Amino acid sequence: MTMTEDAATVVTGNGPRKILSNSIDLQPGDFSSIPVLDLTLAFSSSLSDRKKCAETLFDACTRVGFFYVKNHGVPEEVVSQCFTAGRDFFELTMEEKMKIYIKDSENFKGYTPLLGENTDPAGRGDLHEGFDIGYDYAGSGEAKMEGVNRWPESLPSIKSPVTTYFDEMVKLGKKLFQLFAVSLDLEEGYFDNLVSGKGGIMRLLHYPPQEDENLDMKQLGIGAHSDYECFTILAQQNGVEALQVLNKAGQWVGATPMEGTFVVNVGDMMARWTNDLYLSTIHRAINRTGVRRYSIPFFFGVDYETTIDVLESCISDSRPPKYKPINAGDYIKQRLSETY
Ligand SMILES: O=C(O)CCC(=O)C(=O)O
Ligand SMILES: [Fe+2]
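The chain carries the name Fe2OG dioxygenase domain-containing protein in an unreviewed UniProt entry, which gives Arthrobotrys musiformis as its organism. Comment text from UniProt for the chain, heading Sequence similarities (unreviewed entry), reads "Belongs to the iron/ascorbate-dependent oxidoreductase family."

1. As for the overall build of the chain
A tally of regular secondary structure across the chain gives six helices and 17 strands. Per-residue burial over the chain gives 58% buried out of 340 residues. Restricting to contacts in the chain with at least 6 residues of sequence separation, those with at least 24 account for 76%. When the accessible area of the chain is evaluated, it comes to approximately 14400 Å², of which 48% is carbon and sulfur surface.

2. Quick look at the sheet that holds strand β8 (residues 200-207)
Read across the open sheet, the eight strands follow the order β4-β5-β13-β10-β15-β8-β7-β6; overall the sheet is mixed. What marks the edges here is a single partner per strand, and that holds for β4 (36-38) and β6 (110-112). Between one strand and the next, the sheet's axes are offset by a mean angle of 25°, whatever the strand orientation. Relative to strand β13 (residues 262-266), strand β10 (residues 231-236) is paired through four bridges, and the arrangement is antiparallel. Residue pairing in the sheet places F231 in a bridge with V266 of β13.

3. Side note on the coordination of the iron ion (ligand 2)
Distances from the iron ion (ligand 2) to its protein donors, H225 (NE2), D227 (OD) and H283 (NE2), fall within 2.1 Å. Counting the intervening residues between successive donors of the iron ion (ligand 2) yields the motif H-x1-D-x55-H. Taken as a pair, D227 in the loop between β9 (222-225) and β10 and H283 in strand β14 (residues 283-285) lie far apart in primary sequence, 56 residues in all. By relative accessible area, which is 5% here, H283 ends up buried.

4. Describing the packing of helix α1 (residues 47-63) against helix α4 (residues 159-183)
Close contact between α1 and α4 brings their axes to 8 Å; oriented N to C, the two are set at 85°. As judged from the angle between their axes, α1 and α4 are roughly perpendicular. Contacts between α1 and α4 involve R50, K51, C53, A54, L57, F58 and C61 from the former and K175, L179, F180, V182 and S183 from the latter. Taken together, the residues that form the contact of α1 with α4 break down as eight nonpolar, one polar and three charged.

Rules and cut-offs
- Residues numbered from 1 in each chain as written.
- Chains lettered and ligands numbered in written order.
- Predicted model: local features only at pLDDT ≥ 70, side-chain atom pairs only at ≥ 80, totals over all residues.
- Heavy atoms only, no water.
- UniProt positions renumbered as here; feature names shortened; annotations may be inferred.
- Helix = DSSP H or I, 4+ residues; strand = E, 2+ residues; numbered from the N terminus.
- Buried < 20%, exposed > 50% of the residue type's maximum accessible area, 1.4 Å probe, protein only.
- Contact = heavy atoms within 4.5 Å.
- Areas by Shrake-Rupley, 256 points an atom, 1.4 Å probe, with all protein chains shown as cover.
- Pairing = 2+ DSSP bridges.
- Axes fitted to C-alpha atoms, helices over the stretch in contact; angles between N-to-C directions.
- Donors = N, O, S within 2.8 Å, 3.2 Å for Na, K, Ca; no water.
- Parallel < 35°, antiparallel > 145°, perpendicular 65-115°, else oblique.
- Nonpolar A, V, L, I, M, F, W, Y, C, P; charged D, E, K, R; others polar.

See the structure below:
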């Protein structure tokens, strides 16, 4: 099958980026495969081991913006039970799912039906349905993204596996933030007080298979986009390939699922913080496998009151600051409002 694509502009959190049919205008990575980061060294008690791991992370973030993590410490059954919860959720009737419609929530929590989201403004909606949860703020809903999670009334059993997975992602994400800090010549604990998990958003996603013949390039599983937060940790099912990552040559490189790994990618907030030293790489997903695909992205942002100002270690004479300080919560809310 040949896919033809028009020139398009992808709106990111840091401004529009033009994708020409064969290239892209803003420092895309020069890569043909996605590196694998072994986190064994990240959990070592020796700082020099952790520094070695951070060097690999630096290479991945500056050259690709995407990497796999293995030996990440998240138990396999936590992942598989969360996938099962997702499958059970999406099998509910439309009526049940729409009782927690995301657009009825002030804080972007709940269900998004097929075509209910449009990640790429040039597209005609995304061919996936989703279920979003975040940090559970009891009883608020006023400020920024705060609010309680909304669970399907008729399927209370999913709450436990989904929140267990959320908590594991917060743990892993905090560890990754420490590696990011070391990789940026900051104190290892630089981000510790900014990443309680309150800035985390998790989605269960279901992509029905798309017909391979006459594929409509304006209606993909998820259209070309970059993520908004600091980084995303994504679980994919083995053997069901769909995620593609755009390189400098304008080629889409497949992020083929790899057993026992998560895919991690840098988001716009981290790109901004690092003055675009770390790449928030454009990606999309197309499920041409003929079977249903489920995935679980966890978007790890910093706590919403944090000010994101370009890090000193990412400024030099040849790299003056490109971005003004911005409040993390305002930034995310603004980005999400443009998508839904
Ligand atoms: O499902 C995937 O593989 C990717 C999802 C994604 O890119 C997103 O939700 O931002
Ligand atoms: Fe994404």
